[in-house]
Amino acid sequence: MSNSKQAVPDTLPLLRDRIDSIDSQIQMLINERARCAQKVAEVKLAEQGDESVVFYRPEREAQVLRRVMERNEGPLGNEEMAKIFRQVMSSCLALEKPMRIAFLGPEGTFTQQAALKHFGKSIISAPMAAIDEVFREVESGAANYGVVPVENSTEGVVNHTLDSFRDSRLKICGEVEERIHHHLLVSPNVNADDVTHIYSHQQSLAQCRAWLDRYWPHVERVAVSSNAEAARLAAEAGRSGRAIAAIAGEVACELYGLLKVSANIEDRPDNTTRFLIVGNEDVPPSGKDKTSLLISAKNEPGALYRLLEAFERHGVDMTRLETRPSLMSRWGYIFYIDFVGHHLDEGCSAVIEELRERASEVKVLGSYPVAVL
Ligand SMILES: O=C(O)C(=O)C[C@]1(C(=O)O)C=C[C@@H](O)C=C1
């Protein structure tokens, strides 16, 4: 096969012939790649042994996706191209070993959407009822990795997730950012003009309030336990001829076979949620990483200043600081700090060493690749 770009034919039959021939080459190459991944699995098993073998390599995946974006010449956009390779790698990893991914459920939540964005579609989905269940599922080995929300640009941090790290030995091995888009959905059996109720999670109803006031002022809004549940109820109502709409995301729309009456109806289009991937292993440097720390500080004047000063002196860029009350001592605090770099990088390890001298506890929650997609 040559690398040079051939002239594009200009009749429909010839264009389709060309597409058929390109498709068969792509297919052959994808299978060649998949055979390499199978061989990678054999090598890993021979080197690491049955018990401790790690198939999923977040640092390698991030490097592959970054390279795809760097060398992309279009006309497909970088992100579009990376999404295609995201799925190719997901299929290859599933050949090595299918990954069971626990996430905050039920099926169809934005957390599931984040899991699919991060791992691709070739995973075994394990929806959990609560964030601590996700942690437990991964700690026990029943799931390979877990996905939990950690902060939202309008709602702030998810305390439950931060608190779960106190007693867990799990490591953060990735992050995903997801623009939260809400859609108004109905069952295909329902005429949108007949809708009498709109179901969604309370937060989503709030995030679409201005849009609802403007376009659906007289329809009753009903808060339910999750968007995914709203979508399930809308699908169920449609089967019995009741006209109920749901506000939910893309995954719930697909999962329950609903139709979009209106897309992207959120009042603030920049509404974003950040999710963390948790697992049992440390991730080696990928070349563009972030680190999260948990620090218990002594309750004395200037304690926080002395911690932060170390970052400044070593030129390490802190990107986030959250404070939670310590459960152990009254008026003691736990700080969650994110910074740019891997804990094995020189400057970063120097900071961590100094923090250990100044704080009662420093726990490296994980170093992980900065989100690519
Ligand atoms: O390079 C590896 O270690 C692989 O297993 C191959 C591969 C890939 O398809 O490129 C698959 C899964 C890993 O998560 C990373 C990369």
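In case you missed it, the structure is sitting above this.
A quick note: this is a predicted structure, and the numbers were derived from the prediction, not measured.

## Overview of the packing of helix H11 (residues 303–313) against helix H12 (residues 346–358)
For any two helices packed against each other, one specifies the crossing angle of their axes together with the interaxial distance.
Then step 1. Where H11 contacts H12, the axes come no closer than 9 Å and their chain directions differ by 160°. Classified by the angle their axes make, H11 and H12 are roughly antiparallel. The hand of the H11/H12 crossing is right-handed. Counted together, Arg 306, Leu 307, Glu 309, Ala 310, Phe 311 and Arg 313 of H11 and Val 351, Glu 354, Leu 355 and Arg 358 of H12 form the full contact between these two elements.

## Focus: the packing of aromatic side chains
Then step 1. Under the defined criterion, the tally for this structure stands at six aromatic pairs.
Then step 2. Plain terms: the ring middles of Tyr 56 and Phe 119 are 5.1 Å apart, the flat faces sit at 50° to each other, and that makes the pair tilted. Of this pair, Tyr 56 sits in the loop between helix H1 (12–52) and helix H2 (58–71) while Phe 119 sits in helix H4 (residues 110–119), and the two are 63 residues apart along the sequence. Summarising the burial analysis for this pair, Tyr 56 and Phe 119 share the class buried.

## Some points on the site of the ligand
Then step 1. The ligand sits among Arg 33, Val 40, Lys 44, Phe 55, Tyr 56, Arg 57, Arg 60, Glu 61, Met 89, Cys 92, Leu 93 and Glu 96.
Then step 2. Glu 61 places a polar side-chain atom, nitrogen or oxygen, 2.6 Å from an oxygen atom of the ligand.
Then step 3. Contact between the ligand and Glu 96: an oxygen atom at 2.5 Å from a side-chain N or O atom of the residue.
Then step 4. Burial of the ligand by the protein chains amounts to 90% of its free accessible area of 360 Å².
Then step 5. Among the secondary structure elements, those contributing two or more residues to the shell around the ligand are H1, H2 and helix H3 (78–96).

## A look at the sheet that holds strand E14 (residues 333–340)
Backbone-to-backbone hydrogen bonds pair the strands of a sheet. The strands run either parallel or antiparallel.
Then step 1. Strands sit in the order E13-E14-E12-E15 across an open sheet of four strands; the sheet is antiparallel. Sheet topology places strand E13 (318–325) and strand E15 (361–369) at the edges, where each strand pairs with a single neighbour. Neighbouring strand axes in the sheet, compared pairwise and without regard to direction, differ in orientation by 15° on average.
Then step 2. As judged from the seven bridges shared by E13 and E14, these two strands associate in the antiparallel manner. Counted as the bridge partner of Leu 321 is Ile 337 from E14.

Rules behind the numbers
- Residues numbered from 1 in each chain as written.
- Predicted model: local features only at pLDDT ≥ 70, side-chain atom pairs only at ≥ 80, totals over all residues.
- Heavy atoms only, no water.
- Axes fitted to C-alpha atoms, helices over the stretch in contact; angles between N-to-C directions.
- Helix = DSSP H or I, 4+ residues; strand = E, 2+ residues; numbered from the N terminus.
- Parallel < 35°, antiparallel > 145°, perpendicular 65-115°, else oblique.
- Left-handed = near helix turned anticlockwise from the far one by under 90°.
- Contact = heavy atoms within 4.5 Å.
- Phe/Tyr/Trp six-rings, centres within 6.5 Å; stacked < 30°, edge-to-face > 60°.
- Buried < 20%, exposed > 50% of the residue type's maximum accessible area, 1.4 Å probe, protein only.
- Near = heavy atom within 4 Å.
- Polar contact = N/O pair within 3.5 Å; in protein donor to acceptor, adjacent residues only side chain to side chain.
- Areas by Shrake-Rupley, 256 points an atom, 1.4 Å probe, with all protein chains shown as cover.
- Pairing = 2+ DSSP bridges.

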